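# Analysis of the macromolecular model
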Amino acid sequence: MLRNFLDNTIINDDMKKIHVSIRNHERLKNSSFYITGASGMLASYFTYYLLYLNEIYDYGIKVFAGARSREKALKRFGRYMSKDYFTLITDDVNEAVPLCCPVDYVIHAASPASPQYYGSNPAETILPNVIGTYHLLEYAKKFGVKGFLFFSSGAVYGSMNVPAREDISGTMDFLDSGNSYGEAKRCGEALCHAYYSEYHVPAKSVRIYHSYGPAMDIQNDKRAFSEFVRNVLNGEDIVLKSDGSAKRAFCYITDAIAAIYSVLLDGAAGESYNLCNVNEWLSIKELAEMIAGLYPEKGLQVIYRARNDAGYKLSPEHSAASVEIGKIKSLGWSPAISAGEGFRRVIESINQGVN
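So, a few notes on the structure that sits alongside this text. The written sequence of each chain sets the order in which its residues are numbered from 1. Reporting in this predicted model follows two pLDDT cut-offs: at least 70 for local features of residues, and 80 or more for side-chain atom pairs to be given and counted; totals over whole chains, interfaces and linings ignore these cut-offs and use all residues. To obtain the side-chain values, all non-hydrogen atoms of the structure were included, while hydrogens and water were left out.

## Some remarks on the packing of aromatic side chains
Only the six-membered ring of Trp is used, alongside the rings of Phe and Tyr, when aromatic pairs are assigned; centres must lie within 6.5 Å, and planes under 30 degrees apart are stacked while those over 60 apart are edge-to-face, with the rest tilted. Across all of its chains, the model carries 19 aromatic pairs by this definition. Between the aromatic rings of Tyr49 and Tyr261, the centroid separation amounts to 5.2 Å while the plane-to-plane angle is 70°, which identifies the pairing as edge-to-face. Within this pair, whereas Tyr49 is found in helix α2 (residues 41-57), its partner Tyr261 is found in helix α8 (residues 253-266), the two being separated by 212 residues in sequence. Classification of residues uses two cut-offs on accessible area relative to the type maximum, computed with a 1.4 Å probe and protein chains only: under 20% is buried, over 50% is exposed, and between them is partly exposed. For Tyr49, a relative accessible area of 0% gives the class buried. Among the residues examined, Tyr261 registers a relative accessible area of 0% and is labelled buried. Measuring from ring centre to ring centre gives 3.9 Å for Tyr212 and Phe343, while their planes differ by 0°; the resulting arrangement is stacked. Of this pair, Tyr212 sits in strand β7 (residues 211-212) while Phe343 sits in helix α11 (residues 339-351), placing them 131 residues apart in sequence. A helix here means a DSSP run of H or I that spans at least four residues, while a strand means a run of E at least two residues long, and both kinds are numbered starting from the N terminus.

So this is what it looks like as C-alpha cells:
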C-alpha cells in the first residue's frame, strides 16, 4: 500500500502547526511550484505542506517535484504521486530545466547537506549549488516567476568571532575540500543576487542552520544528532567521540518550514536571511544527554570514546560566536519548539514508520 504521510499523527500535527504559523497562506491558492531536491528532509516537508493545502483546503496548487530517485520520491510522497496536481521530475539539476511551462515559484533545495560528503565529494557538492542554481535562475528569468528561493546555509560565514549577521562574513579557505559546501552556497547566493540586480529575478536566500525532523535520513546521515536518534531507536547507549563542547543551534522542522515560507512570501528580493533557533543553542554533550534522557525507562547512558577517523572535520559554522535572527523575525517568525519536544517528536514519528 502506498503511504499517506498524513496517517502519521506527528506529521499530521506538524502540518497543522505550520499552517497556523504562516501569515496569509491564502496567497498560495492556485499557484504552482517547482521544488528541486524534493525528497530531502526540509524540501519534503515543504512539499508535504503544499499537498496538505490541496487535500485539506482544496488550494489547487500544482507541484512539480524534482528528485533523482523515483524510488525515494515514492517513499516520500506515496499515493500523492498519482494525483493530477503532482508531477515528478527525475532530471539532473545540473542540466537545463526540462519544464516547458511556467511556474509561480522555484525552490532550489537540491544539494548534499551533510559534512560526510563535503571532503570526499567536493565536485558533487559544488555543482548543484552553482551550475544547478544557474540553470534554475535562467528558467526563472525566462518565465518571470513570482518567487525564487535558494536553500543556503550558515556555513557561508566560515570562521567568525562575532555574531553571524547577514551583512558580514568570515574567512574560509576555498582550497580546503571540506569547505566546498560553504563556498558553493556563497556562490549560489551571489548568483541569486546577480540575477536579481541585473534581470530582476525575485531571488532570495535562506541561510539554514541545523534543522531536524521526522524526515531525517536516520540510516545514512552521519551527523551526531542523527546518530543519537538512531541510538535511542535501537535502545543503545549514545557514544560521544569528542568532548562534546562544539555547539549547534537546533531548529525543529515545523519552525524551519514556517520560516522558509515567510521568506518566500514576505522576504525582500535580493536578500538573504538567517534561519536559526537561537533559543536551542546546545553543545553536543548537552544534546546527547538530553536525547538519552527522553525515555528514562530505557536506561540509556552517554559514553565517551576517542575518535579514530583523523579525517573527520566539523562544519565551519561551529566557529560563529552566535547568530542574529532579527531580520527574519521582522517577517513575523520566531521559533517555538524546544529541542526536547522536537527530538521526541522525531523518535515517535519514526516509530510510526515515516522513514
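## Topic: the pairing of strand β5 (residues 147-153)
Across the 7 residues that make up β5, a large majority, 7, are buried. Here the rule is simple: two strands pair whenever DSSP picks up at least two bridges between them. In this structure, strand β4 (residues 105-108) lies alongside β5, joined through 4 bridges in parallel fashion. For Tyr105, the partnering residue across the bridge sits in β5 and is Gly147. Assignment of crossover handedness uses the view with strands pointing away from the viewer, where a clockwise path from the first strand over the helix to the second indicates a right-handed crossover. Considered for its hand, the β-α-β crossover made up of β5, helix α6 (residues 180-199) and strand β6 (residues 203-208) is right-handed.

## Describing the side chain of Glu189
For Glu189, the location among the structural elements is in helix α6. Contacts of Glu189, omitting those with residues within four sequence positions, involve Phe150, Ser152, Val156, Ser205, Arg207 and Ser272. Any pair of residues with heavy atoms lying within 4.5 Å of one another is described as a contacting pair.

## Comments concerning the sheet that holds strand β2 (residues 62-66)
Pairing between the strands of a sheet comes from backbone hydrogen bonds, and it takes one of two forms, parallel or antiparallel. Reading across the sheet, the 7 strands line up as β3-β2-β1-β4-β5-β6-β11 and stay open at both edges, with parallel pairing between neighbours. One side of each edge strand has no neighbouring strand; the edge strands of this open sheet are β3 (86-89) and β11 (272-275). Geometrically, the sheet is characterised by an average inter-axis angle of 20° between neighbouring strands, direction not taken into account. Examined bridge by bridge, strand β1 (residues 32-36) and β4 share 4 bridges and lie parallel to one another. Orientation is described by axes fitted as lines to C-alpha atoms, over the contacting stretch for helices, and by angles from 0 to 180 degrees between their N-to-C directions.

By themselves these figures say nothing about function.
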